[in-house]
Amino acid sequence: MQEFTDKEILADGLSAQKSATEKFNTFAGECVHTDLQGTMMNILEQEHKISNDVFQMMHQRGMYETPPAEEKKITEAKQKFSQSMK
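Rules used in this analysis
Residues numbered from 1 in each chain as written. Predicted model: local features only at pLDDT ≥ 70, side-chain atom pairs only at ≥ 80, totals over all residues. Heavy atoms only, no water. Helix = DSSP H or I, 4+ residues; strand = E, 2+ residues; numbered from the N terminus. Axes fitted to C-alpha atoms, helices over the stretch in contact; angles between N-to-C directions. Parallel < 35°, antiparallel > 145°, perpendicular 65-115°, else oblique. Left-handed = near helix turned anticlockwise from the far one by under 90°. Nonpolar A, V, L, I, M, F, W, Y, C, P; charged D, E, K, R; others polar. Phe/Tyr/Trp six-rings, centres within 6.5 Å; stacked < 30°, edge-to-face > 60°. Buried < 20%, exposed > 50% of the residue type's maximum accessible area, 1.4 Å probe, protein only. Salt bridge = Lys/Arg side-chain N within 4 Å of Asp/Glu carboxyl O.

Caption draft 1: View of the environment of Glu70. Mapped onto the elements, Glu70 comes out in the loop between helix 2 (34-60) and helix 3 (71-84). On a C-alpha basis, the gap between Glu70 and Lys80 in space is 15 Å, while along the polypeptide they are 10 residues apart.

The following block contains the structure:
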């Protein structure tokens, strides 16, 4: 019997959450009925919270490392997105 590591279990959970948020995002964007769309948006928000909880758990345990962003890249991203908002 194969035992899974905590990292494998959490990575699988994070992958499942990413898939769920993708699906609920699509459903919410394609709802014609406003009450149903509101329900989908509420579920989507909950799914994002769960996804972030799993990510934070992995990050805190060193299982999902994120390198610090370079200041130059931060500035470039801000410029890019501020231009697209105009």
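Additional details are given in the paragraphs that follow.
Caption draft 2: The packing of helix 1 (residues 6-29) against helix 2, seen in detail. For the pair helix 1 and helix 2, the least separation of the axes is 9 Å and the interaxial angle reads 160 degrees. Judged on the interaxial angle alone, helix 2 and helix 1 are roughly antiparallel. Here the hand of the crossing between helix 1 and helix 2 comes out left-handed. In terms of residue class, the contact of helix 1 with helix 2 is made up of 16 nonpolar, 6 polar and 2 charged.

Caption draft 3: Structural context of the packing of aromatic side chains. Enumeration according to the criterion identifies 2 aromatic pairs in this entry. Relative to Phe27, the ring of Phe24 lies with its centre 6.1 Å away and its plane at 85 degrees, an arrangement referred to as edge-to-face. Here Phe27 and Phe24 lie together in helix 1, a separation of 3 residues that amounts to about one turn. Their ring planes at 80 degrees and their centres at 5.0 Å tell us that Phe55 and Tyr64 sit as a pair that is edge-to-face. A relative accessible area of 30% means that Tyr64 is categorised as partly exposed.

Caption draft 4: Region of interest: the pattern of salt bridges. Summed over the entire model, instances satisfying the criterion amount to 3 salt bridges. The salt bridge partner of Asp6 is Arg61, with a shortest N-O separation of 4.0 Å. Highlighted residues: Asp6 in helix 1 and Arg61 in the loop between helix 2 and helix 3, separated in sequence by 55 residues. Note that Lys72 is salt-bridged to Glu76, the shortest N-O span being 4.0 Å. Taken together, the residues span about one helical turn, with Lys72 and Glu76 both in helix 3 at a distance of 4 residues.

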